[in-house]
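Summary of structural features
Residues per chain, in single letters:
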Amino acid sequence: MSSNSMITNGRNAFGAFVDGVRGRWATAPGWQRWTIYILLIVGALLLPSESIGGFMSPYNDWASILFFPIGTYIVLAIGLNVVVGQAGLLDLGYVAFFAIGGYLMAILGTRMGLNFWEILVVGVLLSAASGVVLGAPTLRLRGDYLAIVTLGFGEIVRQTAENTDAIGGPRGIAGIPHPPNIDGIELFGVQIFHYGVLDPRPYYYLLVALAVLIIVFVKRWERSRVGRAWAAIREDEDAAEVMGVPTFKFKLLAFAIGAAIGGAMGVVWAAKTISINPNDFLFMLSATIVAAVVLGGSGNVPGVILGAFLVAWLPERFRGLSDYRILVFGAALVVLMIFRPEGLLPSRRRKAELAEGTGGMGALGAEVPGPEDQPAGEGVAK
């Protein structure tokens, strides 16, 4: 059996398994779904256990890794999935909104004395406004051109922070306050509302609550009229425009929602790290989150969560290999994309798009011709 046949058989077997599980889930009664949801949340709350950390992160503190990079990447990937996965807009400057949220937490917390919860609301609103400011003049562009503009926006935000002495310049801002404490409430022996420097678990539980809230809202948007409009834009923006969909308005809404989620994560992250500087917001973070979305299955929230988890966890798990861990990480991604080019857990709609030749991400300016697009006679032995 040839290597191509083995790869095809492996992909088909895994795809059949995933489709079978998805089919059973689609017909499952409501009480079974809610039971699974509750078990998943309880499982997430149990993850900081030392018995799990001994295997998952033998070289670093597992609870710290769960907050950053794993939890942070997951929330950012869910936010970017709204833009890339649902609306089909390639955003390479997503780190800018993460930076805006972080700097808002730093500035408002150290200089204006606002508490964490007040800053979180302000961070969400101003980050969404920044998404509108970016999107209003640029969302008439498509594909590669939009990607270049968003990449430039990310660098503009970072360079502005680095060259503005009023917000710390290259030194950044230190002394960022923690969220306010509420003592006396324990979960698994942890004071879950006592935020300090030594124990990262309260921040992880806060991140789990934020992620659950975001997932609920994102899924409701996906199943609404807004989500159907995003799907139409992703598949064929011109056809959606002809059918009466106000494409610019819905693309702007996707940018605002994605920016709000990135800003919220920036606020939470800055409150945990208590010190930030412009080097925390490099382009590689945007590229990594895009890779997580594509790897997991663009457009499918469970797939995006899985992709972000793997992208964040694999380099930490193989940290003992020193410089070779990045080689192992890259090789693992290559293998995964060979067997599952549409992502590990793609949505059915996105899987169909890939089969039709749109690369699984809508018309992003890099369409991949499908079998039906080949000229007659091409590929046939002469």
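In what follows, the accompanying structure is described. Remember, predicted model here, so these are calculated numbers, not experimental data.

A few words now on the overall build of the chain. Assigned secondary structure in the chain consists of 15 helices and 4 strands. The 382 residues of the chain split such that 47% are buried. For the chain, the share of sequence-separated contacts (at least 6 apart) that also reach a separation of at least 24 residues comes to 71%. Just so you have it, the chain exposes about 18,600 Å², and 66% of that area is on carbon and sulfur atoms.

A contiguous nonpolar patch, built from Trp25, Trp34, Ile36, Tyr37, Ile38, Leu39, Leu40, Val42, Leu46 and Phe188 and spanning about 990 Å² of accessible area, is present on the exposed surface. In terms of residue count, helix α2 (residues 30-46) provides more of the nonpolar patch than any other element does, 8 residues in total. Relative to the helices and strands, Leu46 resides in helix α2. Judged by relative accessible area, which is 39%, Leu46 ranks as partly exposed.

Scanning the entire structure with this criterion turns up 15 aromatic pairs. On the basis of an interplanar angle of 90° and a centroid distance of 5.6 Å, the ring pair of Trp34 and Tyr37 is categorised as edge-to-face. Of the two residues, Trp34 and Tyr37 are both situated in helix α2; the distance of 3 residues between them amounts to about one turn of the helix. With a relative accessible area of 33%, Tyr37 lands in the partly exposed category. Judged by centre distance (5.3 Å) and plane angle (50°), the rings of Phe98 and Trp269 are tilted. Of the two residues, Phe98 is situated in helix α5 (residues 95-111) and Trp269 in helix α11 (residues 247-273); the sequence distance between them amounts to 171 residues. Classification of Phe98 by relative accessible area gives buried; the value is 1%. The class for Trp269 is buried, based on a relative accessible area of 7%. Cluster of aromatic residues (ring-pair linked, three or more members): Phe68, Tyr73, Phe98, Tyr103, Trp269 and Phe281. Positioned above the aromatic ring of Phe248 is the side chain of Arg140, whose terminal nitrogen or guanidinium carbon lies 4.2 Å from the ring centre. Directly above the ring of Phe55 sits Arg317, whose terminal nitrogen or CZ lies 4.7 Å from the centroid.

All right, on to unusual backbone geometry then. With an omega of 15°, the peptide bond between Phe68 and Pro69 qualifies as cis. In this structure, Pro69 sits in helix α4 (residues 62-86). Within the chain, Ile274 stands out as a residue other than glycine whose phi angle is a positive 60°. Examined against the element boundaries, Ile274 turns out to sit in the loop between α11 and β4 (275-276).

With 100 residues, the main nonpolar core has Ile70 and Met265 as its most contacted residues. The greatest single-element share of this core, amounting to 15 residues, is contributed by α4. Once residues within four sequence positions are removed from consideration, Met265 is found in contact with Phe67, Thr72, Val75, Leu76, Phe98 and Leu207.

The next point concerns the environment of Val245. Structurally, Val245 can be placed in the loop between α10 (237-242) and α11. Residues in contact with Val245, not counting those within four places in the same chain, are Ala229, Ala240 and Phe250.

Here we come to the side chain of Ser57. Summarising the element assignment, Ser57 is placed in the loop between α3 (50-56) and α4. The exposure class of Ser57 is buried, given its relative accessible area of 5%. Looking at Ser57, its side chain comes within polar contact range of the main-chain oxygen of Asn60, at 3.0 Å. The contact partners of Ser57, leaving out residues within four places of it in the chain, are Trp62 and Ile65.

Okay, α11 next. Taking 1.5 Å per residue, 27 residues should reach 39 Å; α11 reaches 39 Å between its end C-alpha atoms and fits that length. Most of α11 sits inside the fold, with 23 of its 27 residues counted as buried.

What the rule picks out here adds up to 8 salt bridges. For the salt bridge of Asp238 with Arg142, the shortest nitrogen-to-oxygen distance reads 2.8 Å. One end of the pair, Asp238, is in helix α10; the other, Arg142, is in the loop between α6 (116-138) and α7 (143-162), and 96 residues separate them in sequence. Residue Asp238 is classed as partly exposed on the basis of its relative accessible area of 45%.

What follows deals with the packing of α2 against helix α8 (residues 201-222). At a minimum axis separation of 10 Å, α2 and α8 run at an interaxial angle of 155°. The angle between the axes of α2 and α8 places the two elements in the roughly antiparallel class. Where α2 crosses over α8, the two elements pack in a sense that is right-handed. Counted together, Ile41, Ala44 and Leu45 of α2 and Tyr204, Tyr205, Val208 and Val212 of α8 form the full contact between these two elements. A breakdown of the residues in the contact of α2 with α8 according to their chemical character gives 7 nonpolar, no polar and no charged.

One can describe the packing of α4 onto helix α9 (residues 225-235) by two numbers: an axis separation of 9 Å at closest approach and a directional angle of 50°. Compared by their axis directions, α4 and α9 come out oblique. Residues Val82, Gly85 and Gln86 of α4 touch α9, and the partners they reach there are Trp230, Ala231 and Arg234. In the contact of α4 with α9, the residues fall into 3 nonpolar, 2 polar and 1 charged.

Cut-offs applied
- Each chain has its residues counted from 1, following the order in which its sequence is written.
- This being a predicted model, a pLDDT of at least 70 is required before a residue's local features are given, and a value of 80 or more before pairs of side-chain atoms are given or counted; all residues contribute to the totals for chains, interfaces and linings.
- Computation of side-chain values covers all heavy atoms of the structure but excludes hydrogens and water.
- Only DSSP runs of H or I reaching four residues or more are called helices, and only runs of E reaching two or more are called strands; each is numbered from the N terminus.
- Exposure classes here rest on a 1.4 Å probe applied to the protein chains alone. A residue is buried below 20% of its type maximum, exposed above 50%, and partly exposed in between.
- By definition in these notes, contact holds between two residues if any of their heavy atoms fall within 4.5 Å.
- We get accessible surface area from the Shrake-Rupley algorithm with a probe of 1.4 Å; when it comes to residues, only the shown protein chains can shield them.
- The patches reported here contain residues having more than 30% relative accessible area and no salt bridge. Joining distances are 9 Å for like charges and 5 Å for nonpolar side chains (Val, Leu, Ile, Met, Phe, Trp, Tyr).
- A pair is scored as a salt bridge if a Lys or Arg side-chain nitrogen falls within 4 Å of a carboxyl oxygen belonging to Asp or Glu.
- Geometry of aromatic contacts follows a simple scheme: Phe, Tyr and Trp rings, the Trp one being its six-membered ring, pair when their centres are within 6.5 Å, and the pair is stacked under 30 degrees between planes, edge-to-face over 60, tilted otherwise.
- Only Lys NZ and Arg CZ are tested; either one counts as a charge over a ring when it is within 6 Å of the ring centre and within 35 degrees of the ring normal.
- Residues belong to one nonpolar core when they are buried, are Ala, Val, Leu, Ile, Met, Phe, Trp, Tyr or Cys, and are joined through side-chain atoms within 4.5 Å.
- Whenever two N or O atoms come within 3.5 Å, that pair is a polar contact, provided that in protein one can donate a hydrogen and the other can accept it, and provided that, for residues adjacent in sequence, both atoms are side-chain atoms.
- By this rule the span expected of a helix is its residue count minus one, scaled by 1.5 Å.
- Axis angles are defined between N-to-C directions and span 0 to 180 degrees, where every axis is a line fitted to C-alpha atoms and, for a helix, only to the segment in contact.
- Comment on the angle field: the value is read as roughly parallel under 35 degrees, roughly antiparallel over 145, roughly perpendicular from 65 to 115, and oblique elsewhere.
- Left-handed describes a crossing in which the near helix is turned anticlockwise from the far one by less than a right angle; the clockwise case is right-handed.
- Gly is placed with the polar residues, together with every amino acid not listed as nonpolar (Ala, Val, Leu, Ile, Met, Phe, Trp, Tyr, Cys and Pro) or charged (Asp, Glu, Lys and Arg).

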